[in-house]
Structures are given as structure tokens and as C-alpha cells.
There are 2 protein chains.
Amino acid sequence: MSENLIGVDIGGTKILTVLTDKSGAVKKRVEAPTTCSRPEKILSSLCAVIRSFGRSRSVGVGIAGDVDSKNGILRFSPNMPNWVNVGIKKYIEKNTGLPCCVENDANCAAYGSFVIDGERKYPNFITVTLGTGVGGGIIIDGKIYRGSTGSAGEIGHITINPSGPVCGCGHRGCLEAYIGTAGIKNIAKKIGFKARVVTPAVIAKAADRGDRKALAVYGKVAEYLAVGVGGLINVLNPDMISVAGGVANNFYLFEADFRRELGEHTFATPLKHVKIVRTKNIKNLGAIGAALIFPKEGD
Amino acid sequence: MSENLIGVDIGGTKILTVLTDKSGAVKKRVEAPTTCSRPEKILSSLCAVIRSFGRSRSVGVGIAGDVDSKNGILRFSPNMPNWVNVGIKKYIEKNTGLPCCVENDANCAAYGSFVIDGERKYPNFITVTLGTGVGGGIIIDGKIYRGSTGSAGEIGHITINPSGPVCGCGHRGCLEAYIGTAGIKNIAKKIGFKARVVTPAVIAKAADRGDRKALAVYGKVAEYLAVGVGGLINVLNPDMISVAGGVANNFYLFEADFRRELGEHTFATPLKHVKIVRTKNIKNLGAIGAALIFPKEGD
């Protein structure tokens, strides 16, 4: 049997399809835009890409939203309002002849990181994704922990200050309200960092040039992230934590502060034990993870 | 083989020993004071109690502190400074002829509650213990989740406000700093509740008489508890949560507020799914849990 695995990351703006081996090494990758029209049209193009990859063992699909991973159905996705109760697994299996599984994208990122960053050696593993939103996935005992209704890992919606700013979810003081993209922009505004368009990447470029206000913004990101992650370390006592998502491209700017701040919120023994890294492959992590879930986690 | 199980809860002031069946029903109980002198003396008296219980299958011991549950050794206990690297399992097995396991007391409480409150039907289960300190234990997939170095479940040391009051652990704004016994006393002081001696029980008695300030104290307890537990629900998406510990005797005073406040910090689906109860047996929970761990969790 072929040892090639196919992984797909369906996002709001693009679909990434990769061919990997079981170590997560990427052999081929194809990126296509997601048009928000009919899901069948997108899935049909996707199946053509999958077939073009030649012989492989399985297809794993990661997608943001509420996924029924047992049946391979996307119930609902906030980014793609047209996708409601889409039987992704069934469609792909019928049109490619390959076994398929579907999983929440944050769980895929966590599983991908567990393999490529942790080499499957850190059984209790957390990935925190920093981007427009803040999310995450939890691996317990080497397996994805989905919780009881499949929504575990909502790390961005830990309350880190009940009188904090209002979050996109409607609640106050969630970690995401502080360090999601909108939160980082708010920090920049408060600190007085100015640019034509303020984004985490623009702030990072200014920080690279030594801009003090830009550096101060990432100092605050470190502080808030440490409150949320510190709580997770005290509660879950994990072996390893990886930081992923677009904003993790700037991890070098806040890593030192983050590690120091963790000492303010975490017991010494679990903090000493836990290994913290930025993921090696931010760009392909979700798709790689989707590919890798299959041989270990398939139903 | 006898179906009787023995459970022991070694606390800072007393040792409780119970005889139960596998449903957790208590048939006998013996309570003895803990003198903080030589551990061997205490263990020797304990073994006499165990032998007096007649035929039984096993002994489970729960104790506060850093427990090496694999080897049955108490490494260190904050309540009993004389107990350092005590081989409890070895001592009890030698002196009673029964197989013994040793576990952190909060894990015992969680496992006990998983059986007697959840009837083993809620595989992802959290117990929050409210007392002098705030602690907890986590059951995942029907098994105690200890984390990577055995310290998982430190629910009291989630930071719920990074600029909050200083906690006994030295950090700021831990849940325990707000609603551990000392925290509740501080709330009472701020609200202006007065009594000769202010304790959670005294405040509860006043609340029973309709004292508005006393009721307001428990309203605040509900608020803070909801911040911490809400985060746990978003991250772990459990099936069931039980509230235990001495302060849970007053749960009827803050249950309604707590449930309402949870809605301010938790996503709707996992909140709707999770069953929340006060444990049925606050007094014996740790000892019952210690007894029950054995047949399911023994090494």
C-alpha cells in the first residue's frame, strides 16, 4: 500500500492540499482559492487535485467550524455560510475511492504539530493558534481530545479578565479579545503605535527596525498569552506546547517575554517540564495534520 | 474474593477510613486525628484500623500533596511537613497484606464523584473542590487525568485576573485568591459583612437568615467561580462537573447565580451539554474515591 497521505486544509479564502509521508514531510502542495459559492463545485475541484496526486492511502480534511468527525460532516462553518451539513467524507470517498476523515482545523494543527514538532514523543500536547482568532487543539495520551460535543480546545475563549474588552463571541475579557488580530490592533492604538494600515505583520516589521512602541505591543501580547497559557499549564500539566497561526511568525519578538511572564502564572514543576516551541511549519500545519490524523485516528 | 474496598483520606487534621462496595456506598467509617509527628506511627494506627475492617480487596489512599502514584510514595505534603518521601504503599501492603495504591486527594475526590454522582456515565468529568484552597481533579475518558508530572487539575490556580489579589501560591489573581477561604473573607470585608468570627459557614448562616450582605458575598463567589469554570468548559467541553469541598455545603446559596454567570463566559453548546451538580457526599468523597480507584485504576 502507498505510504503517501493527502491532507486538505479548507479555509475561508483558500484550500491547501498537500501530499506527505507519515513523518509529515510535504512532497507536493496545491493552493486554490475558496469561492464561497456551491460546496459541491469546490469539492469537485478538490477531488480533481486529489486524483492528480496519484496513488495514496487516505485523505484527511481539516476545516474551521463545527465538525461531526464521526460521520465526516461539516455541520456549520462561520467562515463559509453556504456550507451547512455538508457530507464531505462521503463526497470525497465516492469521487476519489480513498478513505476520508474530516476534522476541525485546530485539531488538525495540534495533531500536525504533535507529529512534526514533537515527533510523537510528547503525549500531552497543546497547540495554540494565533491569528485573526485565537484557538487551539489538545492532544491527550497521543490522541486528539475533542471533548464531549467536539468543541474542546477553545483556548481563545478562556476569560483572562472578567471586566476586559468585549470579544467577537459576545463575552468579556476572552484571551482572543486581547490578542486576536483585532485585540492586537487595540493594544497598538492604546500604546500609540501608528502606521497607514496597522496589522500584526506591520507592527512586527516596525519592531524589527527597533520601533519601541511596536516592541511594546508584542510585550503586551506576551503578557496576555502567558495568562491564558499559564492557566492551561496548571490545569493540564502538558509535555509540550506549540505556538502556531500567522501571528506566530512573529514569535521571536515575544518569546522571551512570554517565557518570563509564564513564571508569574504557573507552578514551577509543570512549567519546568513543559517544552514550548513555535511550530516548524506554520504555513502547511493544518493540511499536514489533516493528512497525519488518518493512520492513527481513522475510524 | 471480597467485594469490600477500603479507602483512606489522610488530611492535615484527620484521617478518615471507609469501607465501601464498588458503587461507593459506605458500610463503615472511622475517623482519627492526624498527629503531625512520625508518619510511621500514624501509618501503624491506620493499618490497625484497616485490619479491624475484616476481609477486603484493596486499600486506596488519598493524600494532599505531591504523590508519585506509580510507586505509591508521598513526595511532599504542604499540610504535613514531616511527611517527605514516605513509601505509603509499601508500608500498608507489608502490614495489611492488601494491595494498596496512593493518589492525590483531589484526584480521589474527582474519581469518587465520577462514580457516586455520575454513576460512571459521564466520561469527561471535572470536580472542583472549594475549601481552604480551591482545587480539582479531571477525569478523561473515565480515567484520572494526572498530566505529565502528576500535577494536573490545579483549577484554583487559573489566573482569572492578572491584576487581582495575591494568592497563597505567590501569583496574582488566581481563582483561589478570590474564593478560597481567605478570599471569601476578603469579599466579606469589602462588602462590609461583620461577625465575631467570619468564616464561609458563618456567612452562610447569616445568608440563611436573609442577611443581604452575606447573600452578596456568595453572589461574588458565584461570579468568580463562573469565570474559572467557564474557561474549563470552553477548553475541556466536559460531560459533567461536580462541586465538592466544605464550601460546597453552601452551594444552594450560589448555585443559581453561578449557573447564570456561566452563560457570560461559556459557549452555548458545551454549556448546554454539561451537567453540573453538588456532590452527594461531601464529607466522605475523598475516602470513597480512594477506595474506588483501585479496581479500575490500580497498576
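### As for the overall build of chain A
Turning to step 1, where the next piece is worked out: In terms of regular secondary structure, chain A is built from 10 helices and 13 strands.
Turning to step 2, where the next piece is worked out: In terms of C-alpha radius of gyration, chain A reaches 19 Å, essentially the compact-globule figure of 19 Å for 299 residues.
Turning to step 3, where the next piece is worked out: Projected onto the principal axes, the alpha-carbon positions of chain A cover approximately 55 × 45 × 35 Å.
Turning to step 4, where the next piece is worked out: Across the 299 residues that make up chain A, the buried fraction comes to 55%.
Turning to step 5, where the next piece is worked out: Long-range contacts, defined as pairs at least 24 residues apart, comprise 64% of the intrachain contacts of chain A with a sequence gap of at least 6.

### Some words on the confidence of the model for chain A
Note: predicted coordinates in regions of low pLDDT should not be interpreted at a detailed level.
Turning to step 1, where the next piece is worked out: Overall, the predicted model of chain A reaches an average pLDDT of 94, with 97% of residues at or above 70.
Turning to step 2, where the next piece is worked out: The ipTM assigned to the predicted complex is 0.94, against a pTM of 0.94.

### Regarding the interface of chain A and chain B
Turning to step 1, where the next piece is worked out: With 33 residues of chain A at the contact, the number on the chain B side is 33 residues.
Turning to step 2, where the next piece is worked out: Every element with two or more residues in the side of chain A that touches chain B is listed here: helix H7 (212–236) and helix H9 (268–273) of chain A.
Turning to step 3, where the next piece is worked out: Ranked by residues supplied to the side of chain A that touches chain B, first place goes to H7 of chain A with seven residues.
Turning to step 4, where the next piece is worked out: For the side of chain A that touches chain B, the residue count by class is 13 nonpolar, 17 polar and three charged.

### Details of the sheet that holds strand S3 (residues 26–33) of chain A
Residues and elements named next belong to chain A.
Turning to step 1, where the next piece is worked out: Sheet architecture is open: five strands sit in the order S3-S2-S1-S4-S8, paired in mixed fashion. In this open sheet, the two edge strands, each paired with only one partner strand, are S3 and strand S8 (100–104). Neighbour-to-neighbour, the strand axes of the sheet open up by a mean angle of 15°, direction not taken into account.
Turning to step 2, where the next piece is worked out: As paired elements, strand S1 (residues 5–10) and strand S2 (residues 14–20) share six bridges and run antiparallel to each other. Its bridge partner being in S2, Val-8 is matched across the sheet by Thr-17.
Turning to step 3, where the next piece is worked out: Packing against the sheet, helix H1 (residues 39–52) makes contact with S1, S2, S3 and strand S4 (58–63), and its axis sits at approximately 25° to S2.
Turning to step 4, where the next piece is worked out: On the sheet, helix H2 (residues 88–96) packs against S4 and S8 and is oriented at approximately 150° with respect to S8.

### Let's talk about the nonpolar core
Turning to step 1, where the next piece is worked out: Membership of the largest hydrophobic core comes to 200 residues, with the highest contact counts inside it found for Val-221 of chain A together with Val-221 of chain B.
Turning to step 2, where the next piece is worked out: Setting aside residues no more than four positions away along its own chain, Val-221 of chain A makes contact with Ile-179, Ile-184, Ile-187 and Phe-254 of chain A.

### Some remarks on the sheet that holds strand S9 (residues 125–130) of chain A
Turning to step 1, where the next piece is worked out: Strand order across the open sheet formed by five strands is S11-S10-S9-S12-S13 (chain A), with mixed pairing between neighbours. Single-partner strands in this sheet number two, and they are strand S11 (143–144) and strand S13 (275–278) of chain A.

### Thoughts on the pairing of strand S12 (residues 240–244) of chain A
All names here are of chain A.
Turning to step 1, where the next piece is worked out: With respect to burial, S12 is a largely interior element, five of its five residues being buried.
Turning to step 2, where the next piece is worked out: Burial along S12 is two-sided: the face carrying Met-240, Ser-242 and Ala-244 and the face carrying Ile-241 and Val-243 are both buried.
Turning to step 3, where the next piece is worked out: Here five bridges tie S9 to S12, and the two strands are oriented parallel to one another. Bridge pairing links Val-128 to Val-243 in S12.
Turning to step 4, where the next piece is worked out: With four bridges joining them, S12 and S13 adopt parallel strand pairing.

### Here's the deal with helix H2 (residues 88–96) of chain B
Residue and element names in this part refer to chain B.
Turning to step 1, where the next piece is worked out: Within H2 the residues assigned to the buried category are Ile-88, Lys-89, Ile-92 and Thr-96. End-on view of H2: buried residues confined to an arc of 95°, all on one side of the axis.
Turning to step 2, where the next piece is worked out: Contacts made by the buried residues of H2 are with helix H1 (39–52), strand S4 (58–63), strand S6 (73–76), strand S7 (84–87) and strand S8 (100–104).
Turning to step 3, where the next piece is worked out: Gly-97 sits one or two positions beyond H2 and adopts a positive phi of about 75°.

### Remarks on unusual backbone geometry
Peptide bonds are mostly trans, and most non-glycine residues show a negative phi.
All names here are of chain A.
Turning to step 1, where the next piece is worked out: Not every positive phi belongs to a glycine, and Asn-85 is a case in point at roughly 50°.
Turning to step 2, where the next piece is worked out: Tracing the backbone shows Asn-85 in strand S7 (residues 84–87).
Turning to step 3, where the next piece is worked out: Accessibility expressed as a C-beta count within 10 Å gives 9 for Asn-85, which makes it exposed.

### Thoughts on the domain arrangement of chain A
Residue and element names in this part refer to chain A.
Turning to step 1, where the next piece is worked out: Entries for chain A in the domain assignment read domain 1 (5–109 + 284–297) and domain 2 (121–278).
Turning to step 2, where the next piece is worked out: Distance between the C-alpha centres of domain 1 and domain 2: 26 Å.
Turning to step 3, where the next piece is worked out: Each side of the interface is counted separately: domain 1 has seven residues, and domain 2 has 11 residues.
Turning to step 4, where the next piece is worked out: Looking at the side of domain 1 that touches domain 2, the elements that each hand over two or more residues are helix H3 (105–116) and helix H10 (285–297).
Turning to step 5, where the next piece is worked out: Counting residues per element, the side of domain 1 that touches domain 2 draws most heavily on H3, at three residues.
Turning to step 6, where the next piece is worked out: Looking at the side of domain 1 that touches domain 2 residue by residue, the classes come out as four nonpolar, two polar and one charged.

### Thoughts on the packing of helix H7 (residues 212–236) of chain B against helix H8 (residues 251–262) of chain B
Packed helices, taken two at a time, are described by their axes: the angle between them and the distance between them.
All names here are of chain B.
Turning to step 1, where the next piece is worked out: Closest axis-to-axis distance for the H7/H8 pair is 8 Å, and the angle between their directions is 45°. By the angle class used here, H7 and H8 are oblique. Note that H7 runs across H8; the crossing there is right-handed. Every residue of H8 that contacts H7 at Tyr-218, Gly-219, Val-221, Ala-222, Glu-223, Leu-225, Ala-226, Val-229 and Gly-230 is listed here: Leu-253, Phe-254, Asp-257, Phe-258, Glu-261 and Leu-262.
Turning to step 2, where the next piece is worked out: Split into classes, the residues belonging to the contact of H7 with H8 amount to 10 nonpolar, two polar and three charged.

### Observations regarding the environment of Leu-236 of chain B
Turning to step 1, where the next piece is worked out: Along the polypeptide, Leu-236 of chain B turns up in helix H7.
Turning to step 2, where the next piece is worked out: On the neighbour-count criterion, Leu-236 of chain B (28 C-beta atoms within 10 Å) is buried.
Turning to step 3, where the next piece is worked out: Setting aside its immediate chain neighbours within four residues, Leu-236 of chain B contacts Gly-147 and Ala-152 of chain A together with Asn-124 and Ile-126 of chain B.

The rules behind each value
Each chain has its residues counted from 1, running along the sequence as written. Chain A is the first chain written and ligand 1 is the first ligand written, with later ones labelled in order. Only residues with pLDDT of at least 70 get local features here, since the model is predicted, and only at 80 or more are side-chain atom pairs given and counted; chain-wide, interface and lining totals rely on the full set of residues. Only DSSP runs of H or I with at least four residues qualify as helices, and only runs of E with at least two residues qualify as strands; both kinds are numbered from the N terminus onward. Each radius of gyration reported is based on C-alpha atoms, and the globular scaling rule is 2.2 Å times the count of residues to the power 0.38. The exposure scheme places C-beta atoms from the backbone and then counts, for each residue, the other C-beta atoms within 10 Å of its own, assigning buried at 20 or more, exposed at 12 or fewer, and partly exposed in between. By definition, residues are in contact whenever their C-beta atoms, placed on the basis of the backbone, come within 7 Å of each other. Summary of the metric used: pLDDT quantifies the predictor's per-residue confidence within the range 0 to 100. Charged residues are taken to be Asp, Glu, Lys and Arg, nonpolar residues to be Ala, Val, Leu, Ile, Met, Phe, Trp, Tyr, Cys and Pro, and polar residues to be all remaining types, Gly included. Strand pairing is defined by DSSP finding a minimum of two bridges between the two strands. Axis definition: a line fitted to C-alpha atoms, limited for helices to the stretch in contact. Angles are taken between N-to-C directions and run from 0 to 180 degrees. For this analysis, nonpolar core means a set of buried Ala, Val, Leu, Ile, Met, Phe, Trp, Tyr and Cys residues linked through C-beta atoms within 7 Å. What the arc measures is the spread of directions leading from the helix axis to the C-beta atoms. These domain limits were set by an automatic method or by a database of domain assignments. The scheme is simple: roughly parallel for angles under 35 degrees, roughly antiparallel for over 145, roughly perpendicular for 65 to 115, oblique for anything else. Crossings are classed by handedness, with left-handed meaning an anticlockwise turn of the near helix from the far one by less than a right angle and right-handed meaning a clockwise turn.

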